[in-house]
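# Commentary on secondary and tertiary structure
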Amino acid sequence: MEAVLSPWVTQLKAKTNLPVLIQWGDNPAPGSGLRLGEFSQPKVVIQVRKASAIPLLLSPSLDSLGEAYVEGQIDVTGSVDDVLDIAHRLAEAGSKTEGRLSRMVRRFTHTKNTDREDIQYHYDVSNAFYQVWLDPAMVYSCAYFENGDETLAEAQTKKIDHILTKVQLQPGQRLLDIGCGWGALVMRAASKFGARCLGVTLSQRQFELATERVRQAGLQDRVEIRLQDYRDVQGQFDRITSVGMFEHVGIQHLPGYFSRINELLTDEGWVLNHGITSTDANDGETSHGGGRFIDRYVFPHGELPHIGTVLRTMQEGGLEALDIESLRRHYARTTGLWSQAFEANGEKLKAMVDEKRWRIWRVYLAGSQWAFEHDEVSLYQVLCRKAGRPARGLPWSRRWMYAR
């Protein structure tokens, strides 16, 4: 093992100085192994458990390092922050894949069947699993920290209210929530804003729990949850929201996605699309193989468009953008709080899923915080309406969004 790794370590140390110790064997002596830098105490210890990890270490990328970890080929000791920092520095120093200025662009085929399978893979782990590290309302999207000192639960409620206030939701209006999750937004829209709501999801587990939550809240007369593809929804809606869903649509399908929303919208209706975006102007994946890891283990066939692509395809779909707000800092904090909760409940979560799934979600949550913090990905809320409408129907200022 040492003979194979030593030349790589020497080459790597010439480029960077990492506080990392690499060990192997069942019971390595304390401090033994290969050092990737000069330090008194390592911040991260990589324990090589299987020889199959060696090729993945010799050509490190976020994809290969993530694979080695989730497949149990290596164990990693250290704080989550240190581990993520070291992984990115290793990838930058040793990877031959694309960097931040040249990010890979891939496209996938999307059908109703593949979209349903992909959604169920990610969301149907178990409701109990998500309940451990999400807020009590189980809102699985970027929160809104109006002041920066809110709890996660407070910030998620503020996010929902921020969205419903932006679209000027009025009592009696009909609202469609595409990708309704566990029902938090439609329940809030009905109980606080007096709307009549339809929420659709492709996740069986979300459908079951959201339906039960609506029943427990006594909102069956105002809220309906369906296990249904948004493309199969019929009718007209005064307001449409899509929160954390359009990442699954596929960039080539975005004009059709926005066109379908346009068809479902009344002439005077408003739409809010809330979703993760690429920070690469060419719609490239996150750098150093991060996108490949996410596609393989977390969100199969997910595609992130740049905000410029979002606005262009909205217009192609017949929608006019009225307001655009970046919440990147908010998602860095949200994913950070999710990651903290995941770490604090590690043993409980390990008992709920197999170890590989636990490792995947651990890397995904911590890695997401890093990506939002370091401008690898972003999050935008875009408010829009049907294109071609008279200007006189628009508000003069943005003050209504913040009125309480």
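Below is a short write-up of the structure. (Residues numbered from 1 in each chain as written. Predicted model: local features only at pLDDT ≥ 70, side-chain atom pairs only at ≥ 80, totals over all residues. Heavy atoms only, no water.)

### Examining the overall build of the protein
When helices and strands are counted, the protein shows 15 helices and eleven strands. Relative to the compact-globule value of 22 Å for 404 residues, the protein shows a C-alpha radius of gyration of 23 Å, a close match. The dimensions of the protein, computed from C-alpha atoms along their principal axes, are 70 × 40 × 40 Å. Within the protein, the proportion of its 404 residues that are buried is 55%. A fraction of 76% describes how many contacts in the protein between residues 6 or more apart in sequence connect residues 24 or more apart. Of the roughly 17,500 Å² that the protein leaves accessible, carbon and sulfur atoms contribute 49%. Taking the 48 positively charged and 50 negatively charged side chains of the protein as two groups, their mean positions are separated by 3 Å. (Helix = DSSP H or I, 4+ residues; strand = E, 2+ residues; numbered from the N terminus. Rg over C-alpha atoms; globule rule 2.2 N^0.38 Å. Buried < 20%, exposed > 50% of the residue type's maximum accessible area, 1.4 Å probe, protein only. Contact = heavy atoms within 4.5 Å. Areas by Shrake-Rupley, 256 points an atom, 1.4 Å probe, with all protein chains shown as cover. Lys, Arg positive; Asp, Glu negative; His and termini not counted. Charge placed at Lys NZ, Arg CZ, Asp CG, Glu CD.)

### Thoughts on the packing of aromatic side chains
Evaluated as defined, the whole model comprises 20 aromatic pairs. Between Trp133 and Trp338, the ring centres sit 5.9 Å apart and the planes meet at 75°, which makes this aromatic pair edge-to-face. Here the residue Trp133 occupies a position in helix α6 (residues 127-133), and Trp338 occupies one in helix α13 (residues 328-344), the gap between them amounting to 205 residues. Since its relative accessible area comes to 1%, Trp338 is described here as buried. With a centroid separation of 6.4 Å and an interplanar angle of 35°, the aromatic rings of Phe246 and Tyr257 are classed as tilted. Note that Phe246 is positioned in the loop between β8 (237-243) and α10 (254-264) and Tyr257 in helix α10, a separation of eleven residues in sequence. The residues Phe246 and Tyr257 share a single accessibility class, namely buried. One aromatic cluster is present, built from ring pairs that chain together Phe129, Tyr130, Trp133, Tyr140, Trp182, Tyr331, Trp338, Phe342, Trp358, Trp361, Tyr364 and Phe372. Arg333 extends its terminal NZ or CZ atom over the ring of Phe145, reaching a point 5.3 Å from the ring centre. (Phe/Tyr/Trp six-rings, centres within 6.5 Å; stacked < 30°, edge-to-face > 60°. Lys NZ or Arg CZ within 6 Å of the ring centre and 35° of its normal.)

### Section: the sheet that holds strand β3 (residues 44-48)
Taken in spatial order, the four strands line up as β2-β1-β3-β4 in an open sheet, and their pairing is mixed. Since the sheet does not close on itself, it has two edges, and those belong to β2 (34-35) and β4 (74-77), each with one partner. In this structure, strand β1 (residues 20-24) lies alongside β2, joined through two bridges in antiparallel fashion. Along β2, the bridge assignment pairs Leu21 with Arg35. (Pairing = 2+ DSSP bridges.)

### Details of the sheet that holds strand β10 (residues 319-326)
Backbone hydrogen bonds are what pair the strands of a sheet, in a parallel or an antiparallel way. Pairing is mixed in the open sheet, where seven strands are placed in the order β7-β6-β5-β8-β9-β11-β10. Strand pairing shows two members of the sheet lacking a second neighbour, β7 (223-227) and β10, which therefore form its edges. Strand-to-strand twist of the sheet, defined as the mean angle between neighbouring strand axes without regard to direction, takes the value 15°. Where strand β5 (residues 174-178) lies against strand β6 (residues 196-201), five bridges are found, and the strand directions are parallel. Across the sheet, Arg174 pairs through a bridge with Arg196, a residue of β6. Helix-sheet contacts for helix α8 (residues 184-191) involve β5, β6, β7 and β8, and the interaxial angle to β6 is about 180°. (Axes fitted to C-alpha atoms, helices over the stretch in contact; angles between N-to-C directions.)

### Here's the deal with the packing of α10 against helix α12 (residues 307-316)
Viewed as axis vectors pointing N to C, α10 and α12 meet at an angle of 50°, and their least axial separation amounts to 7 Å. Comparing the axis directions of α10 and α12 gives the class oblique. Between α10 and α12 the crossing geometry is right-handed. The segment α10 lies against α12, with Leu254, Pro255 and Phe258 engaging Thr309, Val310, Thr313, Met314 and Glu316. Broken down by class, the residue content of the contact of α10 with α12 amounts to five nonpolar, two polar and one charged. (Parallel < 35°, antiparallel > 145°, perpendicular 65-115°, else oblique. Left-handed = near helix turned anticlockwise from the far one by under 90°. Nonpolar A, V, L, I, M, F, W, Y, C, P; charged D, E, K, R; others polar.)

### Topic: unusual backbone geometry
Within the chain, Met138 stands out as a residue other than glycine whose phi angle is a positive 60°. A positive phi angle, close to 55°, is found at Gln168, a residue other than glycine. Structurally, Gln168 is set in the loop between α7 (152-166) and β5.

### Brief notes about the environment of Trp182
Within the secondary structure, Trp182 is located in the loop between β5 and α8. Put simply, Trp182 and Asn127 are 55 residues apart on the chain and 9.1 Å apart in space, counted from C-alpha to C-alpha. A polar atom in the side chain of Trp182 sits 2.8 Å from the side chain of Asn127. (Polar contact = N/O pair within 3.5 Å; in protein donor to acceptor, adjacent residues only side chain to side chain.)

### Observations concerning the state of the cysteines
In total, this model carries zero disulfides according to the counting rule given. Free cysteine: Cys384, not disulfide-bonded; nearest cysteine sulfur from Cys142 at 18 Å. Cys384 gets classed as buried once you look at its relative accessible area, which sits at 1%. (Disulfide = S-S within 2.5 Å.)

### Regarding the environment of Pro300
Examined against the element boundaries, Pro300 turns out to sit in the loop between α11 (290-298) and α12. The class for Pro300 is buried, based on a relative accessible area of 16%. In sequence terms Pro300 and Val48 are 252 residues apart; their C-alpha atoms lie 28 Å from each other.

Without other data, these values stay purely geometric and don't point to any function.
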